[in-house]
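# Residue-level structure breakdown
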Amino acid sequence: MQAGSYVAAAYLVFVAAVVAYLTILGMRLSRTHRELRMLEHHEDDRRR
Amino acid sequence: MTDGDRRRLVHLSLASGVAVAAALMLVFFYAPRDADQGVIQKIFYIHVPMAIVALGGFIAAAALAVQYLRTGDRRWDVRSYVTIHLSLVVAVVVLMTGSIWARASWGHWWVWNEPTLVSFLIMFLLYCTYQPMRFAIEDAERQARYASVFAILAGAFVPLNFLAVRLAQAYTHPRVLGPTGGSMPGAMRLTFAACLGAVVLLYVTLWSLELTAKDAAARLRRARRQPPGLVTS
């Protein structure tokens, strides 16, 4: 493997880690917000 | 989360995105090629700032844990927990980028008789026990208290460990910063500073986003526990 490939691999690890972290975080946040909204809708339906 | 918090998060995310992009541009288009190591030295621009941020994060987590023990406010414990969690992720990247550099420079993925590498691994493994220990305790208050004590003790170990390694004579790991090594020329120093700033900003952004996610999850748990008729977001 050439030196340039090692540099590319190192920066790819960094970018992949940031993207993976943000993706997992985004999925968790959207699921939580969706469930919160569902709870609020159920509450509104129950009140009507 | 208020509109002000949301705006602050958006600004922080944009700033860290721009800072990371600018730092990468400096690494690949501005920083000169190292006369000794050649192009593989460019790995240090990401590896070293991330190592500094990971270790700084562990120390910050200890300070946040002290705040929790002083005040009893659970928010400090959550902040300490998120800091350790994020520093562990950063530490994984440090170990991986370090291994890639070691393979390119030394011909080995890992060198067991190198104090810098082994001490960092020991610290990483120590912090890997934090989450299992924390979540093995069911009572929330005891969990926060024990986790804080762990964070403080482990956090105190970080600078001690760093100093012990610095004082060790038999090392082959290069010193990027210090009185005897790493006298970088101006362009390299500027690039390194930009990379460090970008990684710090990225860490703060991810930390804030993670705290927001934790806050939303806590609100959801509270809403689920409330009797019907009292659910509010």
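Heads up: the structure comes first, above all this text.
Structure report, in brief.

Rules used throughout
- Residues numbered from 1 in each chain as written.
- Chains lettered and ligands numbered in written order.
- Predicted model: local features only at pLDDT ≥ 70, side-chain atom pairs only at ≥ 80, totals over all residues.
- Heavy atoms only, no water.
- 1 Å grid on protein atoms, 1.4 Å probe; cavity = no way out; pocket = protein on both sides within 12 Å on 5 of 7 lines; lining within 4 Å.
- Points joined across faces, edges and corners; volume = space filled by probe spheres on them.
- Helix = DSSP H or I, 4+ residues; strand = E, 2+ residues; numbered from the N terminus.
- Nonpolar A, V, L, I, M, F, W, Y, C, P; charged D, E, K, R; others polar.
- Contact = heavy atoms within 4.5 Å.
- Buried area = accessible area lost by both parts, 1.4 Å probe.
- Salt bridge = Lys/Arg side-chain N within 4 Å of Asp/Glu carboxyl O.
- Polar contact = N/O pair within 3.5 Å; in protein donor to acceptor, adjacent residues only side chain to side chain.
- Patch = residues over 30% accessible without salt bridge, like charges linked within 9 Å, V, L, I, M, F, W, Y side chains within 5 Å.
- Areas by Shrake-Rupley, 256 points an atom, 1.4 Å probe, with all protein chains shown as cover.
- Buried < 20%, exposed > 50% of the residue type's maximum accessible area, 1.4 Å probe, protein only.

Before going further, it helps to examine empty space enclosed by the protein. Going through the model one piece at a time under the given rule, you end up with 2 cavities of 30 Å³ or more. Here the largest cavity defines a volume of roughly 130 Å³. When residues of the lining of the largest cavity are traced back to their parent elements, those giving at least two are helix H1 (3-47) of chain A together with helix H3 (74-106) and helix H7 (186-225) of chain B. By residue class, the composition of the lining of the largest cavity is 13 nonpolar, no polar and no charged. Around the second largest cavity, the lining residues are Phe14(A), Val20(B), Ala23(B), Leu24(B), Ile46(B), Cys195(B), Ala198(B) and Val199(B). Among the elements of the structure, helix H1 (3-29) and H7 of chain B are those that each provide at least two residues to the lining of the second largest cavity. Per-class residue counts for the lining of the second largest cavity are 8 nonpolar, no polar and no charged.

This paragraph deals with the interface of chain A and chain B. Taken together, the contacts link 25 residues of chain A with 39 residues of chain B. Where chain A abuts chain B, roughly 2,800 Å² becomes buried across the two surfaces, and 78% of that area is made up of carbon and sulfur atoms. The tally of links between chain A and chain B comes to 2 salt bridges. Arg28(A) serves as the salt-bridge partner of Glu210(B), at 2.5 Å between the closest nitrogen and oxygen. At the surface where chain A touches chain B, the tally comes to 4 residue pairs in polar contact (both at pLDDT 80 or more). Here the residues of the side of chain A that touches chain B are counted per class, giving 16 nonpolar, 3 polar and 6 charged.

The subject of this paragraph is a nonpolar patch on the surface. All names here are of chain B. A cluster of nonpolar side chains, Met 25, Phe 28 and Phe 29, forms an exposed patch at the surface whose accessible area comes to about 370 Å². Among the structural elements, Phe 29 can be located in helix H1. Classification of Phe 29 as exposed rests on a relative accessible area of 69%.

This brings us to the layout of surface pockets. Residues and elements named next belong to chain B. Estimates place the volume of the largest pocket at around 1,100 Å³. Lining the largest pocket are 32 residues; nearest its centre among them are Val 78, Leu 211, Lys 214, Asp 215 and Ala 218. A per-element tally of the lining of the largest pocket places H7 first, with 14 residues. Here the residues of the lining of the largest pocket are counted per class, giving 12 nonpolar, 4 polar and 16 charged.

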